[in-house]
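Working through the structure, step by step
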Amino acid sequence: MRTPTLITAAAVLFSAFFSGVRSASAATLADRRQDAELSSVALVDSSHAWACGDHGTVLHTVDGGATWVPQASGVDCRLHCVHFIDARNGWIVGGGYDPYVHRSRGVVLRTGDGGATWQPEPTALVPLLRRIHMDNLREGWAVGDVSPLSTNGVFFTRDGGKTWSGAGGQLPAGVAAADFLSSAEAVCADGRGRVVRM
């Protein structure tokens, strides 16, 4: 007769322990996002803007920055750059490194509803990305770590970020920074201070 009581007590303790772990984990993530370092801001007009940063943090304002509201990104990695082409359509890139092997993995998030929902795009071969620029809903560029996909760390998409290809040409190896006027015109710099115009 004692066995069911003991099993029930163990189940209650086990359940309480693991629900506490989930609660603590969610609370810890929320606390980290409150103190996140932000890395990028995108404005579409004088009222609407988004910011992203550490721990998957995404913030949105509709009043010119007087108040900021968190948006759920669905990721916990560092988000490096946010880019919007209008008040509804935006992308965020970021990523992190696998422990021990130090291989980077990229994250590409996309929204079509002003950030009410962020959808991850498949990025199995894409390394950590630090910058994105989209000209329209389909065409854009990203800059990140070098990889077998791109020895210079510059990538382009023609399907809104679902797939990425490496950019070839006269770009230096290991592009560390870039700024885009359009998909046809950009300036890239490598870690040695070489600047190349695309």
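Rules and cut-offs
- Residues numbered from 1 in each chain as written.
- Predicted model: local features only at pLDDT ≥ 70, side-chain atom pairs only at ≥ 80, totals over all residues.
- Heavy atoms only, no water.
- Helix = DSSP H or I, 4+ residues; strand = E, 2+ residues; numbered from the N terminus.
- Buried < 20%, exposed > 50% of the residue type's maximum accessible area, 1.4 Å probe, protein only.
- Contact = heavy atoms within 4.5 Å.
- Areas by Shrake-Rupley, 256 points an atom, 1.4 Å probe, with all protein chains shown as cover.
- Pairing = 2+ DSSP bridges.
- Salt bridge = Lys/Arg side-chain N within 4 Å of Asp/Glu carboxyl O.

The helix and strand tally for the protein chain stands at 1 helix and 15 strands. Residue burial in the protein chain is summarised as follows: out of 198 residues, 40% are buried. Once local pairs closer than 6 in sequence are excluded, the contacts in the protein chain between residues at least 24 apart make up 35%. For the protein chain, the accessible surface area stands at approximately 11,100 Å², while carbon and sulfur atoms represent 59% of it.

Taken together, the 5 bridges between strand β9 (residues 129–134) and strand β10 (residues 140–144) define a ladder with antiparallel strand orientation. Across the sheet, the residue bridging to Arg-131 is Val-143, located in β10. Between β9 and β10, which pair antiparallel one after the other, the connecting turn spans 5 residues.

What follows covers the pattern of salt bridges. Opposite charge on two side chains allows them to pair when their charged atoms are near. Summed over the entire model, instances satisfying the criterion amount to 4 salt bridges. Taking the shortest distance from any N to any O, the salt bridge between Asp-54 and Arg-78 comes out at 2.2 Å. Of this pair, Asp-54 sits in the loop between β2 (49–53) and β3 (58–61) while Arg-78 sits in strand β5 (residues 78–84); the two residues are 24 residues apart in sequence, bridging distant segments of the chain. Looking at Arg-78, the relative accessible area reads 23%, which means it is partly exposed. Through salt bridges that share partners, Glu-37, Asp-54 and Arg-78 make up one connected network.

Any link to function would need more than the numbers given here.
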